[in-house]
Amino acid sequence: MRPDLSHIDTWLFDLDNTLYPAESGFMGQVEGRMTAFVAKVTGLPMEEAYGLQKKYLAEHGLTLKGLMLHHGVDPADFHALFHDLSLELLAQDPELVAAIASLPGRRLIFTNADDKHAERVLAHLGLRGLFDDVFHIHSFGFAPKPDPLGFQRMIDAHGLSPSTTSFFEDSEHNLKPAADLGMTTVLVGSKALASTAPFVHYRTDKLTPFLTAARLKEAN
């Protein structure tokens, strides 16, 4: 059956591992630098630093939030870690570019990353000009997904109507607050089809064919 998104006029996308496949390995580079940074800040060996990194991610939705709260880390220092990362692992997908360009209404990015990282990745993927705004970690005052406060700040900032908004994410738990607000949720990635969460409305292992097949609102 074709996904019925004919009621959607606002398209909300996560960035990393959603607009490009997790199999690219790019986020592995991000994680490696993050672990090294946690080790430097805490003095822990790498294995323990990785464990703490994941603990903060689970507790706060963002490793950075834990580092800020418990170690006084400056967000600018943390984000700078990723601003010179090679983007060679990320390949442009012309069919995805075309599919997103054809979506009727507003298109927004909703990411726990910062603005510079988002702009670099979007530009490399050939997607930068297709989105009306990037709502990033600074935009929502370090209330990262899945914090409902971050979602509410995003809704307020853009005057969104959740009932006509679809949210695409690779992280299942980030979709729950969106569903609770009334958004249509789409889980993306290799593990999506195995999800049984009731708050996930659609699941797809590949974003491009899902968007291409979806039933969209007809132009007036």
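It should be emphasised that the depicted structure is a prediction, and the values quoted were computed from it without experimental measurement. (Residues numbered from 1 in each chain as written. Predicted model: local features only at pLDDT ≥ 70, side-chain atom pairs only at ≥ 80, totals over all residues. Heavy atoms only, no water.)

Right, let's get into the nonpolar core. Counting residues in hydrophobic clusters, the biggest one holds 67 residues, and the most contacted among them are Phe13, Leu19, Phe78, Phe131, Met154, Phe168 and Leu211. Among the elements that make up this core, the one with the highest residue count is helix 1 (residues 26-42) (six residues). If near-sequence neighbours (up to four positions away) are discounted, Phe131 is found in contact with Phe13, Leu19, Ile100, Arg107, Leu108, Ile109 and Leu122. (Core = buried A, V, L, I, M, F, W, Y, C linked by side-chain atoms within 4.5 Å. Buried < 20%, exposed > 50% of the residue type's maximum accessible area, 1.4 Å probe, protein only. Helix = DSSP H or I, 4+ residues; strand = E, 2+ residues; numbered from the N terminus. Contact = heavy atoms within 4.5 Å.)

It is worth spelling out helix 6 (residues 115-125) at this point. All buried positions along helix 6 are accounted for by His117, Ala118, Val121, Leu122 and Leu125. Along the axis of helix 6, the buried residues cluster in a sector spanning 120°; they form a single face. The inward-facing, buried residues of helix 6 abut helix 1, helix 5 (94-101), strand 3 (106-110) and strand 4 (133-135). A positive backbone phi angle near 75° is found at Gly126, which sits one or two residues after helix 6. (Arc of directions from axis to C-beta.)

With that out of the way, let us pick up helix 7 (residues 148-158). Three or more residues of helix 7 are buried, namely Gly150, Phe151, Met154, Ile155 and His158. The buried residues of helix 7 occupy an angular sector of 135° when projected down its axis, which confines them to one face. Opposite its buried face, helix 7 presents the exposed residues Pro148, Asp156 and Ala157, each directed more than 90 degrees away. Residues of helix 7 that are buried in the fold lie against strand 2 (10-13), strand 3, strand 4, strand 5 (165-169) and helix 8 (176-181). The residue sitting at the N-terminus of helix 7 and contributing the capping side-chain oxygen is Asp147; that oxygen lies 2.8 Å from the backbone nitrogen of Leu149. Phi turns positive, to about 60°, at Gly159, one or two residues after helix 7. (Polar contact = N/O pair within 3.5 Å; in protein donor to acceptor, adjacent residues only side chain to side chain.)

Our focus in this paragraph is the packing of aromatic side chains. In total, this model carries 14 aromatic pairs according to the counting rule given. On the numbers, 5.8 Å between centres and 80° between planes, the contact of Phe151 with Phe167 is edge-to-face. Taken together, the positions of Phe151 in helix 7 and Phe167 in strand 5 put the pair 16 residues apart, joining distant regions of the chain. On the basis of relative accessible area, Phe151 is assigned to the buried category, the value being 0%. Through pairs of rings, three or more aromatic residues link up here, namely Trp11, Phe13, Phe131, Phe168, Tyr202 and Phe210. The positively charged end of Lys145 is found above the aromatic ring belonging to Phe110, 5.2 Å away from the centroid. (Phe/Tyr/Trp six-rings, centres within 6.5 Å; stacked < 30°, edge-to-face > 60°. Lys NZ or Arg CZ within 6 Å of the ring centre and 35° of its normal.)

With that out of the way, let us pick up the sheet that holds strand 3. Strand order in the open sheet formed by six strands is 4-3-2-5-6-7, and the pairing between neighbours is parallel. Of all strands in the sheet, those with a lone pairing partner are strand 4 and strand 7 (202-204), marking the two edges. Put simply, the sheet's adjacent strands are angled 20° from each other on average, direction ignored. Sheet topology places strand 5 next to strand 6 (residues 184-188); four bridges connect them, and they run parallel. Opposite Glu169, over in strand 6, you have Leu187 as the bridge partner. Sitting on the sheet, helix 7 is in contact with strand 2, strand 3, strand 4 and strand 5, with an inclination near 155° to strand 4. (Pairing = 2+ DSSP bridges. Axes fitted to C-alpha atoms, helices over the stretch in contact; angles between N-to-C directions.)

Attention shifts here to the environment of Ser86. Considering the arrangement of structural elements, one finds Ser86 in the loop between helix 4 (75-79) and helix 5. Considered as a pair, Ser86 and Gln29 are 57 residues apart in the sequence and their alpha carbons are 8.9 Å apart. A polar side-chain atom of Ser86 sits 3.2 Å from the main-chain amide nitrogen of Glu88.

Here we take up the pattern of salt bridges. Applying the stated criterion across every chain yields a total of six salt bridges. One salt bridge in this structure joins Lys55 and Glu59, with 2.9 Å as the shortest N-O distance. Remark: Glu59 and Lys55 occur in helix 2 (residues 46-60); sequence separation between them is four residues, near one turn of the helix. On the basis of relative accessible area, Lys55 is assigned to the partly exposed category, the value being 42%. (Salt bridge = Lys/Arg side-chain N within 4 Å of Asp/Glu carboxyl O.)

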